[in-house]
Amino acid sequence: VGNPETPAHEDGAPPSRIAVVGAGIGGSATANFLRQHFGPEVQVDVFEKGEVGGRLATVTVNHNEYESGGSIIHSLNLHMQEFVKQLGLKYRRNVAGKTAVFNSEEVILEETDWYLLDLFRLWWRYGISFIRLQMWVEEIMEKFMRIYKYQAHGYAFSSVEELLDSLGGSGFINMTRRPLSDSLLELGVSQRFIDEVIAPVMRVNYGQNVSIPAFVGAVSLAGAQNNLWAVEGGNKQVCSGLLKMANANLLKAQVTSISPLHSGELLQYQLNFTAASGVGSELYDIVVLATPLQASVGSGLQFQDFAPPFDELPGSYHGTVATIVHGYLNTSFFGFPDPRLFPFASVLTTETPSLFFNSVASVCPVNISAGFRRKQPQEAGIYKVFSPQSLDKSQLKTLFRSYYSAQVTEWQAYPHYGSSQGLPPVELHPNLYYLNGIEWAGSAMEMSSVAAKNIALLAYHRWNKQTDMVDQKDLMHRIKTEL
Ligand SMILES: Cc1cc2nc3c(=O)[nH]c(=O)nc-3n(C[C@H](O)[C@H](O)[C@H](O)COP(=O)(O)OP(=O)(O)OC[C@H]3O[C@@H](n4cnc5c(N)ncnc54)[C@H](O)[C@@H]3O)c2cc1C
Ligand SMILES: CC(C)=CCC/C(C)=C/CC/C(C)=C/CSC[C@H](N)C(=O)O
């Protein structure tokens, strides 16, 4: 759409006003990076129609908060790590707990206290599938980490395809197009391992099956490793912290439409919005849309007067329900009549039509005081259940012997992978950028953060017509030889 080469200003003046639509991690990180690149003078307005944090949110039970959206962060997610450092926030390590896999009749796989025994069991059941898988994920992570070097050197990409190509060549792009199961079978991973281990991980993390693309499959598997952390006090604090650090103006308003305004050589964008106080309209030099634009998500944003016309993007988002339950887990349902003998903190499930939930896990509050311990199943505890639909009373009574409360969050959670072909564009119009296309490669806090840094760099280079910093090839080599 549009021609990215058209300049907004001919005179080399910096932009005076930039708008970001959405104050999730993507929008907040964008505001922060825009401030870093464009300097202290530019006005950065961030529009948010709901809560700062977006899909990073908590629910409160008994005066404690629990993550109901994005909850875990990988130890090699360096943007998230850097935000936490810069904001003076603290890490919260995962409190160890054992995982089991349930197939609707019995627990088919269980972690024990003995690492070597677990390894032996995996080898006995699946051969060397798990070693092959581990090496595959490590290799992908290693290539993915190149992005931090490229971005530190100021390089930007005009599309998600260009970004992926620079990290892992055509192999990475192909991984966004072919099913995870095909890639793993080709790798020599057994069908049994795919059914009993990989499928349960895809169900808990993306609510979908092993036909999701291999790239997001690898992101999901990285999210099942044991080097994970979260932000003490709640992940959404990163968003409010970044907005503050960026000295951005937060406007609690829903942007209802956007249209380009040409006046001679000058191109600006008019944003119309609705706030509690009424409707408003503002002009901006650069606009970043940091929210999914698929119809099923309902951003309420309309594109007006774009030639050629431009509208919502194809594809849909996947509905996932997170239910935070305070109660007594019905361990009999999993084949453990005596709750004292149920050793698991989380139960994943295989792809079984009769199962009405994807996973159930005992969860820790966002503030873990010293000496915190997980509740035993014979005690009332706090559990998070992921399911494709809201749980009815009888389903809740199946999973819990009794419960005090059940708080439901219905998310348009992540792309419904396979509902659209190809990856959405980053550049929608000369100075109008779209962040959330990256989710179609993989949806995670760090993916939105990587996209945020990329868009801030791209907007800066486009504004200053620095074409040599965009879509450069062979960056590994170039960086090695740069002074
Ligand atoms: C249940 C669940 C669990 C997850 N678990 C993890 C996890 O453990 N680890 C991980 O890394 N990721 C996880 N994710 C994914 C992660 O949460 C998302 O990828 C990430 O938060 C997306 O951030 P974002 O800022 O790009 O989008 P969003 O958070 O969706 O932000 C978009 C914002 O834009 C606002 N907005 C929309 N339209 C308008 C408008 N017209 N005007 C003004 N504002 C508007 C919205 O209100 C929203 O606040 C999970 C997601 C879900 C739903
Ligand atoms: C972007 C890279 C390289 C790694 C990110 C790995 C990661 C943290 C993936 C998590 C993905 C995700 C959408 C998880 C959802 S569910 C999380 C958790 N199991 C929960 O119970 O909330």
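Residues numbered from 1 in each chain as written. Chains lettered and ligands numbered in written order. Predicted model: local features only at pLDDT ≥ 70, side-chain atom pairs only at ≥ 80, totals over all residues. Heavy atoms only, no water.

Looking at an unreviewed UniProt entry, one finds the protein named Prenylcysteine oxidase 1 like, with Poecilia latipinna as its source organism. In its Cofactor (unreviewed entry) section, the UniProt record describing the protein reads: "FAD". In the Sequence similarities (unreviewed entry) part of its UniProt record, the protein is described as follows: "Belongs to the prenylcysteine oxidase family." (UniProt positions renumbered as here; feature names shortened; annotations may be inferred.)

Describing the pattern of salt bridges
Evaluated as defined, the whole model comprises 14 salt bridges. In this structure, Glu-439 engages Arg-55 in a salt bridge whose closest nitrogen and oxygen atoms are separated by 2.7 Å. Of this pair, Glu-439 sits in the loop between β22 (432–434) and α12 (445–463) while Arg-55 sits in the loop between β2 (43–47) and β3 (58–61), and the two are 384 residues apart along the sequence. Here Glu-65 and Lys-236 are joined by a salt bridge, their closest N and O atoms 3.9 Å apart. (Salt bridge = Lys/Arg side-chain N within 4 Å of Asp/Glu carboxyl O. Helix = DSSP H or I, 4+ residues; strand = E, 2+ residues; numbered from the N terminus.)

Observations concerning the site of ligand 2
If you check the shell around ligand 2, you find 15 residues, and the closest are Ser-71, Ile-72, Asn-205, Lys-384 and Phe-386. Here an oxygen atom of ligand 2 sits 3.1 Å away from a polar atom, N or O, in the side chain of Lys-384. Relative to its free-state accessible area of 610 Å², ligand 2 is covered by the protein chains to the extent of 88%. Secondary structure elements with two or more residues in the shell around ligand 2: α4 (129–144), α8 (191–206) and β19 (381–387). Ranked by the residues each element gives to the shell around ligand 2, the list is headed by α8, at three residues. Residues that form the shell around ligand 2 fall into these classes: eight nonpolar, six polar and one charged. (Near = heavy atom within 4 Å. Polar contact = N/O pair within 3.5 Å; in protein donor to acceptor, adjacent residues only side chain to side chain. Areas by Shrake-Rupley, 256 points an atom, 1.4 Å probe, with all protein chains shown as cover. Nonpolar A, V, L, I, M, F, W, Y, C, P; charged D, E, K, R; others polar.)

Describing the pairing of strand β7 (residues 98–102)
Of all five residues that make up β7, four are buried, and the element is covered over most of its length. In terms of strand pairing, β7 meets strand β17 (residues 344–349) through five bridges, oriented parallel. If you follow Val-101 over to β17, its bridge partner there is Leu-348. Taken together, the three bridges between β7 and strand β8 (residues 107–110) define a ladder with antiparallel strand orientation. Bridging from a neighbouring strand, Phe-102 pairs with Val-107 of β8. Between β7 and the antiparallel strand that follows it, β8, lie four residues; Ser-104 among them carries a positive phi value of about 90°. (Buried < 20%, exposed > 50% of the residue type's maximum accessible area, 1.4 Å probe, protein only. Pairing = 2+ DSSP bridges.)

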